Amino acid sequence: MEKSEITILIADDDPDILEILSYNLKQEGYKVIKAENGVKAVKKAKKKKPELIILDVMMPEMDGIEACEIIRNTKGLQNTVITFLTARAEDYSHVAGYDAGADDYITKPIKPKVLMSKIKALLRRFRTEEPEELNIYSVGDMTVNRDEYKVTKADQEFSLPRKEFELLALLSSQPEKVFKREDILNTVWGDEVIVGGRTIDVHIRKLREKIGNDRFKTVKGVGYKFVV
């Protein structure tokens with residue numbers, strides 16, 4: 001998808017932040033929609049169906065958390081990438097934000113170049129197809145083959161144990177998306193056996209040893225994500 005085909009909705013009650021973000025995104029070639037509060041953000045999201053939504057946490061009339069919950073439960077917007085804008089003092093809201101359906105956070109203040117890099121990373125997860133339909137796909141320098149349970153990275157082939165492979169395939173299917181621990185357990189282990197949270201940690205440690213420590217990021221109190 002070309003940048004000119006991607007629509008980004010920004011919601012923030014600070015007109016200066018709206019203008020700065022809008023200017024920089026337009027300079028990169030994206031289509032931009034602006035909203036001054038959560039209520040307007042929800043209305044414009046439903047009407048325009050953007051590929052990415054950037055929500056300020058603290059807004060009048062409706063805050064970012066509530067707006068995110070409504071957007072995430074709206075038909076046609078379930079797969080839209082949503083990230084929050086948050087001041088450093090608002091770290092307490094991160095878990096609430098992920099529970100509401102957010103994919104990530106952008107911490108204010110942020111430099112334009114860093115912002116653009118973050119936006120590109122977030123948009124990499126946007127798919128017109130469901131990720132699980134892709135049996136062979138590439139993520140950075142790594143190729144995942146679901147049919148043969150094999151992973152190739154930098155010309156080196158890995159034959160991983162089943163659960164390690166399924167965990168890697170899940171996380172890498174949507175780079176930069178944070179997968180909650182309970183969702184990982186349900187998807188990878190299901191009802192096969194009763195396992196604890198430490199089971200995920202052990203498998204992540206093994207994957208870090210084989211695939212690379214910098215590929216897997218722990219989001220404290222939430223879960224894990226795959227980094228390209």
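Residues numbered from 1 in each chain as written. Predicted model: local features only at pLDDT ≥ 70, side-chain atom pairs only at ≥ 80, totals over all residues. Heavy atoms only, no water.

Trainee: Looking at this model, I keep getting lost on the overall build of the chain. Mind explaining?
Mentor: Check the secondary structure of the chain and you find 8 helices and 12 strands. The contacts of the chain with a sequence gap of at least 6 include a subset with a gap of at least 24, amounting to 56%. Only carbon and sulfur atoms are counted for the fraction: they give 48% of the accessible area of the chain, which is about 11,900 Å². (Helix = DSSP H or I, 4+ residues; strand = E, 2+ residues; numbered from the N terminus. Contact = heavy atoms within 4.5 Å. Areas by Shrake-Rupley, 256 points an atom, 1.4 Å probe, with all protein chains shown as cover.)

Trainee: Can you walk me through the sheet that holds strand β1 (residues 7-11) in this structure?
Mentor: Strand-to-strand pairing in sheets goes through backbone hydrogen bonds, with the strands running parallel or antiparallel. If you trace the 5 strands from one edge of the open sheet to the other, you get β2-β1-β3-β4-β5, paired in parallel fashion. The sheet terminates laterally at β2 (31-35) and β5 (104-108), the two strands that pair on one side only. Across the sheet, the mean angle separating the axes of adjacent strands is 20° when strand polarity is ignored. In the sheet, β1 pairs with β2 via 5 bridges, with the strands oriented parallel. Paired with A11 across the bridge in β2 is A35. In the packing of helix α1 (residues 15-27) onto the sheet, contacts are made with β1, β2, β3 (52-56), β4 (81-87) and β5, and the angle to β2 comes to roughly 170°. (Pairing = 2+ DSSP bridges. Axes fitted to C-alpha atoms, helices over the stretch in contact; angles between N-to-C directions.)

Trainee: Even after reading the chapter, I still don't get the confidence of the model for the chain, so can you show me in this structure?
Mentor: Detailed conclusions should not be drawn from predicted coordinates in areas where pLDDT is low. With 89% of its residues at a pLDDT of 70 or more, the chain has an overall mean of 85. This stretch, residues 127-133, has a pLDDT under 50; its non-local contacts, to residues over four places away or in other chains, come to 8 contacts. (pLDDT = per-residue confidence, 0-100.)

Trainee: Please clarify how the sheet that holds strand β7 (residues 142-145) should be interpreted in this entry.
Mentor: Taken together, 4 strands build an open sheet; the order of strands is β6-β7-β8-β9 and the sheet is antiparallel. Two strands close off the open sheet at either side, each with one partner strand: β6 (136-139) and β9 (156-159). Averaged over neighbouring strand pairs, the angle between their axes works out to 20° when direction is ignored. In the sheet, β6 pairs with β7 via 4 bridges, with the strands oriented antiparallel. The partner of Y137 across the bridge, within β7, is V144. Packing of helix α6 (residues 162-173) onto the sheet brings it into contact with β6, β7 and β8 (150-153), and relative to β7 it is tilted by some 120°.

Trainee: Would you take a moment to explain the packing of α1 against helix α5 (residues 112-123) for this structure?
Mentor: In helix packing, the relevant descriptors are the interaxial angle and the interaxial distance, both defined with respect to the helix axes. Packing of α1 against α5 brings their axes to within 11 Å, and their N-to-C directions diverge by 65°. Handedness of the α1/α5 crossing: right-handed. Across the interface between the two elements, L21, N24 and L25 from α1 touch P112, L115, M116 and I119 from α5. Partitioning the contact of α1 with α5 into residue classes produces 6 nonpolar, 1 polar and no charged. (Left-handed = near helix turned anticlockwise from the far one by under 90°. Nonpolar A, V, L, I, M, F, W, Y, C, P; charged D, E, K, R; others polar.)

Trainee: Honestly, the side chain of K163 in this entry has me stumped. Any pointers?
Mentor: Following the sequence through the fold, K163 ends up in helix α6. We classify K163 as buried; its relative accessible area is 14%. Looking at K163, its side chain comes within polar contact range of the main-chain oxygen of V188, at 2.7 Å. (Buried < 20%, exposed > 50% of the residue type's maximum accessible area, 1.4 Å probe, protein only. Polar contact = N/O pair within 3.5 Å; in protein donor to acceptor, adjacent residues only side chain to side chain.)

Trainee: So what exactly am I meant to see when it comes to the packing of α6 against helix α7 (residues 181-189) here?
Mentor: Here α6 crosses α7 at 125°, and the two axes come no closer than 10 Å. Compared by their axis directions, α6 and α7 come out oblique. The two elements α6 and α7 meet at a crossing, and its hand is right-handed. Taken together, the residues of α7 that come into contact with α6 (itself represented by K163, E166, L167, L170 and L171) are I184, T187, V188 and W189. The residue makeup of the contact of α6 with α7, split by class, is 6 nonpolar, 1 polar and 2 charged. (Parallel < 35°, antiparallel > 145°, perpendicular 65-115°, else oblique.)

Trainee: I would appreciate a short explanation of unusual backbone geometry in the present structure.
Mentor: Apart from glycine, the bulk of residues carry a negative phi angle, and the bulk of peptide bonds sit in the trans form. Non-glycine residue E61 carries a positive phi angle of around 70°. Along the polypeptide, E61 turns up in the loop between β3 and α3 (64-72). The exposure class assigned to E61 is exposed, which follows from its relative accessible area of 66%. With a phi close to 70°, D155 is a non-glycine residue in the positive phi region. By secondary structure assignment, the location of D155 is in the loop between β8 and β9. Taking relative accessible area as the criterion, D155 reaches 81% and is therefore assigned exposed.

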